[in-house]
Amino acid sequence: MAKYKHYNYSQNVLIPLSLSEQIAPGTLEFAINVLVEERMDMSRFDAKFKNDETGCRAYNPKILLKIILLAYSRGIIHSRKIERECKKNVTFMALSCWQEPDHSTIAAFASNLKEEIKPLFRDVLLVCEEVNLLGGTEFSLDGCKLPSNASMRWSGTFSTLNEKKEKIERRVAYMLEEQIEADRREGKDGSEETRKAKHIEKLKKQAARIEKFLQENEPKPGKQFKEVRSNVTDNESAMMTTPHGTIQGYNGQALVDSKHQVIVEGEAFGWGQDHHHLEPVVEGAQENMKEIGKEDNYFKDAILTADTAYHSTESIKKCEEEEIDAYIPDKDYRKRHPGLNVKQSSIDSRRRKFSAEDFTYDEAADEYECPMGKRLKLSTKKAKAHGIVYRRYQADPRDCEMCTVRQGCISKKGERGKRKLLMIPIGSESRNYSKEMAAKIDTDRGREVYPHRVRIVEPVFANIRTQKRLDRFTLRGKIKVNIQWLLYCMVHNIEKIANFGPEFAVV
Ligand code: SF4
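Since the model is a prediction, treat every value here as computed from it, not as a measurement.

Asker: Honestly, the side chain of arginine 453 in this entry has me stumped. Any pointers?
Answerer: Looking at the secondary structure, you find arginine 453 in helix H18 (residues 452-467). Taking relative accessible area as the criterion, arginine 453 reaches 9% and is therefore assigned buried. Within the local environment of arginine 453, its side chain forms a polar contact with the side chain of glutamate 458, the two groups lying 3.2 Å apart. Once you skip the residues sitting within four places of it in the chain, arginine 453 turns out to touch Ser140, Asp142, Thr305, Ala306, Asp307 and Glu458.

Okay, structure coming up:
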């Protein structure tokens, strides 16, 4: 017969625990502890506390920052979960010195780091520099779009939000009528009535919330002054297209140094298009380097790689102004590159589409006629894209919606959209930055340097999104979301210090 060890739950165990021994050298918690205690200037927080004469003692910001950084490194972003970890996880207990701040204290601390987050990020960056983790010669820029703490259901232009509000009000009016009718009838179901009354209250609150939003905000202007959708819950977030569908979210950007993949600048933007972000990120990085004692032109002659989403005249101009050796390919780069193996079928399918030659120009009306005999009217006299000046003609969406050949019609964007756009080039800007960049990328050096981007910046996002499990922002508003993004960037950099910094490395 098998013999097993006895076990008995009715016993008391006394385990001696040394808090300091739980924070072993070489671990991330050790690096967090040392950096917060010795390298970050935590006196910045002192002015926030007005309890020197009256009031109870506050939790030390060092303790709160340490547990938040440790929690983020383990993919724990919700303050209630962080609170639970401080009660049951021995590493959290050690790092918090057995203090148990509640979730509201943790949440309030994290969301009120507006003034302190950038200096704290720079403190960590300075340590990265001191332990020789920065190369300073090659950088890559990329971003990731993450959902915000706001529902797409509450998005829309001002007119659609107004319609939504009116629809809710009509629904409330209808339900109230129904309720009055039910009151007249005998044998009412009390619980049903209560449920309906609660629902009516909820709808009224929703309508009032939209009303308040419409009164307090202005429509958001987009490209060419066309209104873009606002969001009632978090109006600084935006609708963004991702490979996994459309989200309401923020775009977290990071500029990464190639030597050890340290993030030298991070910022979250409520704007999906990446090409708007190169300029502010480069300026932010310059500011950071200046603050840690580097020269003003730290990025001079440095290589900067970014993907096609950053390719714009403004981005290229900015890099040129800063004397940065930028490699930002245009959207046709892959097609021109023989080694990238773009599927021939996809190129062929694009070739089969109509081109501008298939459209007939009517000079008298200044309109084009499409192969199906429909008219495309002039919509923009002068539109600029990639250094070329165009005249833009648009088809009537009602014609295109029903068209049998719309799949093979012009413009990739229009293919999915409701109408087709015909862009007729009429000239170019005095200097075509886009073409110059395309020529630079097509050189042997361009083709050798640009692929570095993948190994420099992609692992950083893989680390933050997969290892640190950041899959959505939990705070609302750009400032708070930016705090959360920078905290993740800090955790990433601290991990680099823990792994590669000589003083922090595993012994
Ligand atoms: S999709 Fe529109 S523009 Fe294109 S051929 Fe059809 S009707 Fe004409």
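Still to come is the rest of the account.
Asker: Would you take a moment to explain the nonpolar core for this structure?
Answerer: In summary, soluble globular proteins display a tendency toward joint burial of nonpolar side chains. If you look at the biggest cluster of nonpolar residues, it comprises 95 residues, and the most contacted ones within it are Met40, Trp485 and Leu487. With twelve residues, helix H19 (residues 478-500) is the single largest residue contributor to this core. Looking at which domains feed residues into this core, each of domain 1 (19-112) and domain 2 (124-147 + 251-329 + 450-487) supplies at least three. Phe158, Val172, Met175 and Ile210 belong to the second-largest nonpolar core, a separate cluster that totals 13 residues.

Asker: What should I look at first to understand unusual backbone geometry in this one?
Answerer: Keep in mind that most residues, glycine aside, have a negative phi and that most peptide bonds are trans. Non-glycine residue aspartate 301 carries a positive phi angle of around 70°. As for its placement among the helices and strands, aspartate 301 is situated in the loop between helix H10 (278-291) and strand E9 (303-306). Relative accessible area serves as the criterion here: at 56%, aspartate 301 is assigned to the exposed category. With a phi angle near 60°, glutamate 323 is a residue other than glycine that sits in the positive phi range. Locating glutamate 323 in the fold gives a position in the loop between helix H11 (313-321) and strand E10 (325-327).

Asker: Looking at this structure, how should I read the side chain of glutamate 116?
Answerer: With respect to the secondary-structure elements, glutamate 116 resides in the loop between helix H6 (103-111) and helix H7 (117-130). Judged by its relative accessible area of 4%, glutamate 116 is buried. Once residues within four sequence positions are removed from consideration, glutamate 116 is found in contact with Arg44, Phe45 and Lys48.

What counts as what
Residues numbered from 1 in each chain as written. Predicted model: local features only at pLDDT ≥ 70, side-chain atom pairs only at ≥ 80, totals over all residues. Heavy atoms only, no water. Helix = DSSP H or I, 4+ residues; strand = E, 2+ residues; numbered from the N terminus. Buried < 20%, exposed > 50% of the residue type's maximum accessible area, 1.4 Å probe, protein only. Polar contact = N/O pair within 3.5 Å; in protein donor to acceptor, adjacent residues only side chain to side chain. Contact = heavy atoms within 4.5 Å. Core = buried A, V, L, I, M, F, W, Y, C linked by side-chain atoms within 4.5 Å. Domains from an automatic or database assignment.

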